Structures are given as C-alpha cells and as structure tokens.
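Chain by chain, the residues run as shown.
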Amino acid sequence: MNTPEMIQLLHRDKALAVVRSEAITDAAQLCGALVSGGINAVELTFTTPGMLTHLARAAETAQTHGAVVGAGTVLHADQARAAIDAGARFIIAPGIRPEVAEVAAQAGVPFCLGAMSPTEVAMALDLGSAMVKIFPAAIMGSQYLTELQGPYPGVRLLPTGGVTLSNAKEFLEAGALAVCVDSSVVPAALVAAGEHDAIARLAAEFTAALH
C-alpha cells in the first residue's frame, strides 16, 4: 500500500483502530472483527508484548480478514525495520522521530509522525509525514484542529487519545482526515479475552456514528 492509497482508505472509513493490550489471543480474528465493524486500518502498538509476532500473524492472514495492518508507538529505526519486515503496511510514531521517518520512507511505507504544537506539525511535514497524528486530541479539543488548518491548509490530521463515540464526529467536522480510536472500540480486556464478537459490535456502533 502506498501513501495515496492509505489516505484514501482513511478518508473512506474515517477511523483507524489502535490496539493496546497486554495480550492478543488471535490477531487475525481481531482484525476480522474490526473489518466486519467497518474499520479496515488496524494499528498494533509496540507497547503490546509480542507485538511483532501478532503483526506477522495479521500480515500473513491479510487475504482472509482484509485489514490493512501497521505498527504504532514506533520510536526507533530498528523497531521500524522490524515492523516492516514483519509485514507492517504503515508506520505510526507518537512524536517527531526522524530515524523512523527515514526508514519508512526508504522502504516506501506510509508513515505518520505525532505532534501537538504547530512547530511539531511543521517538523512532521518537513520529514515527509503525509499525515500528522495529533496527540492528546481530547485535551486539545476539536477546535484545535480547526485552528491548525489556518497556517497549514490541507494538512491531514489524525486525532488520537481520548477519541470516543461522543466526540469522534466533532473531530471529523473540524477537518480531521480520520480519527484514531483505541479503548472505545478495542478495550484491552476484550482483546485479551478474545471477545471478538463484542469488538465487532463496538466497531460497528462507532463507525455508524461517523457516517
């Protein structure tokens, strides 16, 4: 998947699922549940134990579940390389990580750097981040996204952190390309317990509110 295709996917779905859990019972089934609920982009974070194993499992079974799976909380170049080798189709960093951007760019993999301030947004764009993750979104509020588009018209923003069913549409109306949702759709307890039907229902409820 190239960057324009990734942008098109997020523009269509309006959501990206962020998985943070102490355990994942079956990454393929988890991805299938999210896809059935209307979320096709799935981020597995390096904060999850054994994340690369789960990422490889999700990548190997992609034709079955249909999700586009990438790596999140990528802090270092070696993590970016390992994730890409395991099959990550996109890379997301929580902040400005030049070495992560370099690895992803050289591999031709879409990447998104995290930012909070206008200066950090500029740094992310200068490093080639076609999308910019705004964290923590709930603290900054949806109006902040509107204000950022004054100096940065056309910037593709992905608000993350505290996005819920009640505020997600506000961020989209403020100009976000899509929202990143974590515990509202993929609660760690449900992920660890393998409650995939429940996760599918949460995803469907969430995406229905976005469209």
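About the cut-offs
- Residues numbered from 1 in each chain as written.
- Predicted model: local features only at pLDDT ≥ 70, side-chain atom pairs only at ≥ 80, totals over all residues.
- Heavy atoms only, no water.
- Helix = DSSP H or I, 4+ residues; strand = E, 2+ residues; numbered from the N terminus.
- Rg over C-alpha atoms; globule rule 2.2 N^0.38 Å.
- Buried < 20%, exposed > 50% of the residue type's maximum accessible area, 1.4 Å probe, protein only.
- Contact = heavy atoms within 4.5 Å.
- Lys, Arg positive; Asp, Glu negative; His and termini not counted.
- Charge placed at Lys NZ, Arg CZ, Asp CG, Glu CD.
- Salt bridge = Lys/Arg side-chain N within 4 Å of Asp/Glu carboxyl O.
- Axes fitted to C-alpha atoms, helices over the stretch in contact; angles between N-to-C directions.
- Parallel < 35°, antiparallel > 145°, perpendicular 65-115°, else oblique.
- Nonpolar A, V, L, I, M, F, W, Y, C, P; charged D, E, K, R; others polar.

## Things to note about the overall build of the chain
Then, number 1: Scanning the chain for helices and strands turns up 12 helices and eight strands.
Then, number 2: Compactness check: the chain gives a C-alpha radius of gyration of 16 Å against a globular reference of 17 Å for 211 residues, within 12% of the reference.
Then, number 3: Taken over the C-alpha atoms alone, the chain extends approximately 45 × 35 × 25 Å along its principal axes.
Then, number 4: The burial tally for the chain puts 54% of its 211 residues in the buried class.
Then, number 5: When contacts within the chain are restricted to residue pairs at least 6 apart in sequence, long-range pairs at least 24 apart make up 59% of them.
Then, number 6: Side chains of the chain carry 11 positive and 19 negative charges; the gap between the two charge centres is 4 Å.

## Describing the side chain of Glu 43
Then, number 1: Locating Glu 43 in the fold gives a position in strand β2 (residues 41–45).
Then, number 2: Summary of buried charges: Glu 43 has no salt-bridge partner, and the nearest side chain of opposite charge, Lys 133, is 4.6 Å away.

## Things to note about the packing of helix α3 (residues 51–60) against helix α5 (residues 77–86)
Then, number 1: Orientation of α3 relative to α5, taken along the N-to-C sense of each, is 30°, at an axis distance of 8 Å. Here α5 runs roughly parallel to α3, going by the angle between their axes. On α5, the residues touching Leu 52, Leu 55, Ala 56 and Ala 59 of α3 are Ala 82, Ala 83 and Ala 86.
Then, number 2: The residue makeup of the contact of α3 with α5, split by class, is seven nonpolar, no polar and no charged.

## Examining unusual backbone geometry
Then, number 1: Between Phe 135 and Pro 136 the backbone carries a cis peptide bond, its omega angle lying at 0°.
Then, number 2: As for its placement among the helices and strands, Pro 136 is situated in the loop between β6 (131–134) and α8 (137–140).
Then, number 3: At Lys 14, a residue that is not glycine, the phi angle is positive and equals roughly 70°.
Then, number 4: Structurally, Lys 14 is set in the loop between α1 (3–13) and β1 (15–19).
Then, number 5: We note that Thr 73 has phi near 50°; this positive angle belongs to a residue other than glycine.
Then, number 6: Relative to the assigned elements, Thr 73 resides in the loop between β3 (68–72) and α5.

## A word on α5
Then, number 1: Within α5, burial applies to Ala 77, Gln 79, Ala 80, Ala 83, Ile 84 and Ala 86.
Then, number 2: Among the structural elements, α3, β3, β4 (91–92) and α6 (98–107) are those in contact with the buried residues of α5.
Then, number 3: Gly 87 sits one or two residues past α5 and shows a positive phi near 115°.

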